[in-house]
Amino acid sequence: MSLKTLDELAYSVLDLATVVEGHPIADTYHNSLQNARQAEQLGYTRYWFAEHHNMISVASSATSLLIGYVAGNTQAIRVGSGGIMLPNHSPLVVAEQFGTLATLYPNRIDLGLGRAPGTDQVTAMAIRGENMNASFYFPRDVEALQKYFSADNADAKVRAIPGEGLDIPIWILGSSTDSARLAAAKGLPYAFASHFAPAYFKEAIKIYRDNFKPSAVLQQPYVMACVNVVAADTDEEAEYLATSVKQMFMGIVTGKRRLLQPPVESMAHIWNVFEEEAVMQMLAYSFVGSKQKITAMLTDFVEENGIDEIMATSHIYDHGAKLKSYRLFAEVVNSER
């Protein structure tokens, strides 16, 4: 692992299409596009949507449609999935959908793949039907996708049209150590969900690097870390804004999900000590504060872990404050360029 500095770091956005209390879902999509257009202007590398289902505050269930919406209304930024939960889908259908996207928007589409259902078990059953063990076939399904995208598949009985012969980068996503081994074995870039699963981050990226085998698409390991970011003019304002994401994660911990809530002056009356501990463990890799504070935190994080790319996700109630947070974060990353 070589040490990285901020001036070498690529930076990107993960969007869950978060639904805000008091606003319709249509506003969520329009705000995502505005955010993506700003990200493009600010030099962000890519803009990804994550597949989730049956979650009141997350409207990115039809992930490929949102990718098309944003790609069709921007010019250069890469747009993709962070990720498509492959066990929920036929590899052929994914190949056709992303082949269509890559045909419409050449050299701009990424395909990040995960093995989790992106939802609860009851909803997963509604999605997968009799195929509830699909996650066990994740490595096989990744290989099937690669085959469909290959020009060598032209003589096969089943072909992805469009999709065949297109250069669509495949990423392996992980929130534990399992996918790290697969990404390493196949020589693919690896993106870790440290924004909600920090416990396995260091172990997973070590496994990935230690076992990486060069491939036709990637000669050296490439690690992306997704983190929570809430940037503001002052540390105090950022901490205030961050109470929205804390409330969101408390809904995950307690099973009582709500639309993204407005920030509050204090969380003391909202959570108890056990809920606070659980939430703060999940939010361990969160960069909350002014530019000065985030610069120091991010510098240490990048140097310690040698990551190649940082992906920011920001659950901020006020859309203007969210746009500003992404502007400030871009200024942090670009401060030494």
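Scroll up to find the structure this text is about.
Analysis parameters
- Residues numbered from 1 in each chain as written.
- Predicted model: local features only at pLDDT ≥ 70, side-chain atom pairs only at ≥ 80, totals over all residues.
- Heavy atoms only, no water.
- Core = buried A, V, L, I, M, F, W, Y, C linked by side-chain atoms within 4.5 Å.
- Buried < 20%, exposed > 50% of the residue type's maximum accessible area, 1.4 Å probe, protein only.
- Helix = DSSP H or I, 4+ residues; strand = E, 2+ residues; numbered from the N terminus.
- Contact = heavy atoms within 4.5 Å.
- 1 Å grid on protein atoms, 1.4 Å probe; cavity = no way out; pocket = protein on both sides within 12 Å on 5 of 7 lines; lining within 4 Å.
- Points joined across faces, edges and corners; volume = space filled by probe spheres on them.
- Nonpolar A, V, L, I, M, F, W, Y, C, P; charged D, E, K, R; others polar.
- Axes fitted to C-alpha atoms, helices over the stretch in contact; angles between N-to-C directions.
- Parallel < 35°, antiparallel > 145°, perpendicular 65-115°, else oblique.
- Left-handed = near helix turned anticlockwise from the far one by under 90°.
- Pairing = 2+ DSSP bridges.
- Phe/Tyr/Trp six-rings, centres within 6.5 Å; stacked < 30°, edge-to-face > 60°.
- Polar contact = N/O pair within 3.5 Å; in protein donor to acceptor, adjacent residues only side chain to side chain.

### Comments concerning the nonpolar core
Among the nonpolar cores identified, the biggest contains 72 residues, and Phe98, Leu111, Leu298 and Phe301 are the most heavily contacted of them. For this core, the element with the most residues is helix α12 (residues 319-333), which contributes 6 residues. In this view, Leu298 contacts Leu6, Leu9, Phe287, Ile310, Phe329, Val332 and Val333; residues no more than four positions away in its chain are not counted.

### Section: the layout of surface pockets
Here the largest pocket defines a volume of roughly 790 Å³. Secondary-structure elements contributing two or more residues to the lining of the largest pocket are β3 (78-85), β5 (170-174), α6 (178-186), β6 (190-192), β7 (223-231) and α9 (243-254). A breakdown of the residues in the lining of the largest pocket according to their chemical character gives 21 nonpolar, 14 polar and 5 charged. Contributing to the lining of the second largest pocket are 17 residues, with Asp167, Ile168, Pro169, Ile170 and Val217 lying nearest its centre. Where the lining of the second largest pocket is concerned, the elements lending two or more residues are α5 (138-149) and β5. Classifying every residue of the lining of the second largest pocket gives 11 nonpolar, 2 polar and 4 charged.

### Thoughts on unusual backbone geometry
Cis geometry is found at the peptide bond from Gly82 to Gly83, where omega equals 5°. Position of Gly83 relative to the elements: it lies in strand β3. Here the residue pair Ile161 and Pro162 is connected by a cis peptide bond, since its omega of -5° sits within 30 degrees of zero. Checked against the element boundaries, Pro162 lands in the loop between α5 and β5. Of note in this structure, Asn54 is not a glycine but carries a positive phi near 60°. Positionally, Asn54 belongs in the loop between β2 (46-49) and α2 (63-71). The backbone of Asn107 sits at a positive phi, close to 60°, despite the residue not being glycine. For Asn107, the position within the fold is in the loop between α3 (91-104) and β4 (109-114). In this structure Asn107 comes out as exposed when scored by relative accessible area, which is 61%.

### Some words on the side chain of Glu164
Of note, Glu164 is situated in the loop between α5 and β5. Contact partners of Glu164, with chain neighbours within four places excluded, come to Tyr148, Phe149, Ser150, Ala151, Asn153, Ala154 and Arg159.

### A word on the packing of α6 against helix α7 (residues 201-211)
Between α6 and α7, the shortest axis-to-axis distance is 8 Å and the interhelical angle comes to 20°. Comparing their axes, α7 and α6 come out roughly parallel. By crossing handedness, the relation of α6 to α7 is classed as right-handed. Taking contact as the criterion, the partners of Ala180, Arg181, Ala183, Ala184 and Ala185 in α6 are, on α7, Ala204, Ile207, Tyr208 and Asn211. Looking at side-chain class alone, the contact of α6 with α7 contains 7 nonpolar, 1 polar and 1 charged residues.

### Topic: the pairing of strand β9 (residues 309-313)
The buried fraction of β9 is high, at 5 of 5 residues. Side chains of β9 alternate between two faces, with Glu309, Met311 and Thr313 and Ile310 and Ala312 buried alike. Pairing geometry for strand β1 (residues 10-15) and β9, over 4 bridges, is parallel. Bridging across to β9, Val13 finds its partner in Ala312.

### Thoughts on the packing of aromatic side chains
We describe a pair of aromatic rings using the distance from one ring centre to the other and the angle between the two ring planes. For the structure shown, the criterion picks out 13 aromatic pairs. Seen from their ring centres, Tyr47 and Phe49 are 5.5 Å apart, and the 65° between their planes marks the pair as edge-to-face. By relative accessible area, Tyr47 is classed as buried at 0%. For Phe49, a relative accessible area of 1% puts it in the buried group. A ring pair is formed by Phe201 and Tyr285, whose centres lie 5.3 Å apart and whose planes are at 70°; its orientation type is edge-to-face.

### Examining the packing of helix α1 (residues 25-41) against α12
Between two packed helices, what matters for the description is the angle formed by their axes and the separation of those axes. The N-to-C vectors of α1 and α12 enclose an angle of 25°; their axes lie 10 Å apart at closest approach. Relative to α12, the element α1 is oriented roughly parallel. As α1 runs across α12, the sense of the crossing is right-handed. Touching Asn31, Gln34, Asn35 and Gln38 of α1 are His319, Lys322, Leu323, Tyr326 and Arg327, all from α12. Of the residues assigned to the contact of α1 with α12, the class counts are 2 nonpolar, 5 polar and 2 charged.

### Concerning the side chain of Ser179
Mapped onto the fold, Ser179 is located in helix α6. Looking at Ser179, its side chain comes within polar contact range of the main-chain oxygen of Leu173, at 3.3 Å. With near-sequence residues (within four places) excluded, Ser179 lies in contact with Arg115, Phe138, Ile172, Leu173, Gly174 and Tyr190.

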